[in-house]
Amino acid sequence: MEKVEIRSTTVIAVKKDGKVAMAGDGQVTLGNTVCKGNARKVRKIYNGKILTGFAGSVADAFTLLDRFEEKIKEFNGDLTRSAVELAKMWRTERALQKLEAMLLVADKSKILLISGDGNVIEPENDVIAIGSGGNYAYSAALAYLEASSYSAKEIAEKSLKIAGSICIYTNDHITAEEIE
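Residues numbered from 1 in each chain as written. Predicted model: local features only at pLDDT ≥ 70, side-chain atom pairs only at ≥ 80, totals over all residues. Heavy atoms only, no water.

Undergrad: Looking at this structure, I do not really get the packing of aromatic side chains. What am I missing?
TA: Geometrically, a pair of aromatic rings is defined through the distance of the ring centres and the angle of the planes. Taken as a whole, this structure holds two aromatic pairs when the rule is applied. Look at Tyr-144 and Tyr-150: their rings are 5.5 Å apart centre to centre, the planes differ by 75°, and that puts the pair in the edge-to-face class. (Phe/Tyr/Trp six-rings, centres within 6.5 Å; stacked < 30°, edge-to-face > 60°.)

Set out below in structure tokens:
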């Protein structure tokens, strides 16, 4: 049986004017077929103080999100420490090493990308995007940050719409969340 590659999603996080927004599209693609259009890939956790979003394998991402939420509780909402501890665990625990996903996490002051190769990256320009349409959304968001008065949430949504018009693995069913 041939392994069918699941491609899905674009998730973006934007920080502007004391607010942080994260938005994700809803498309899940199995091979060359759209099998779901309304998946929810962005959520608030920790009493609405932290945003999370994922790209990649859904089961893998949920496993990582559960572990991240445990770390957030363990470290009393310390985003950076929780992200670093998850990245370390992801690299060292045999059961987690083969997980194929990327996570974006954010609180009111910072955005972080967590990947399975041990990276925890804070973006230089207050915006970062992951997934198949991530580069398109990122480019659009940089332009909006520089040349518009849109809010963080508006930039995230508009950037995802642009990504969805270019990337066949991204749709226009957008879920957006914001914290301040």
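The discussion continues.
Undergrad: Where do I start with the packing of helix 1 (residues 58–74) against helix 2 (residues 79–92) in this structure?
TA: Two quantities define a packed helix pair, namely the angle between the helix axes and the distance between the axes. Relative orientation of the contacting elements helix 1 and helix 2 amounts to 135°, with a least axis distance of 9 Å. Judged by the angle between their axes, helix 1 and helix 2 are oblique. Where helix 1 crosses over helix 2, the two elements pack in a sense that is right-handed. Each of Leu-64, Arg-67, Phe-68, Lys-71 and Ile-72 in helix 1 lies in contact with helix 2, whose residues at this interface are Leu-79, Ser-82, Ala-83, Glu-85, Leu-86, Met-89 and Trp-90. By residue class, the composition of the contact of helix 1 with helix 2 is eight nonpolar, one polar and three charged. (Axes fitted to C-alpha atoms, helices over the stretch in contact; angles between N-to-C directions. Helix = DSSP H or I, 4+ residues; strand = E, 2+ residues; numbered from the N terminus. Parallel < 35°, antiparallel > 145°, perpendicular 65-115°, else oblique. Left-handed = near helix turned anticlockwise from the far one by under 90°. Contact = heavy atoms within 4.5 Å. Nonpolar A, V, L, I, M, F, W, Y, C, P; charged D, E, K, R; others polar.)

Undergrad: Before we go on, may I ask you to explain the pattern of salt bridges in this structure?
TA: Where charged atoms from two side chains of opposite charge approach closely, those side chains can pair. All chains considered together, the criterion is met by seven salt bridges. Here Glu-180 makes a salt bridge to Lys-19, at a shortest N to O gap of 4.0 Å. Of the two residues, Glu-180 sits in the segment after strand 12 (175–179) while Lys-19 sits in strand 3 (residues 19–24), which places them 161 residues apart along the sequence. Judged by its relative accessible area of 65%, Glu-180 falls in the exposed class. Each of the salt bridges in this network shares a partner with another, and the network as a whole consists of Arg-40, Lys-44 and Glu-177. (Salt bridge = Lys/Arg side-chain N within 4 Å of Asp/Glu carboxyl O. Buried < 20%, exposed > 50% of the residue type's maximum accessible area, 1.4 Å probe, protein only.)

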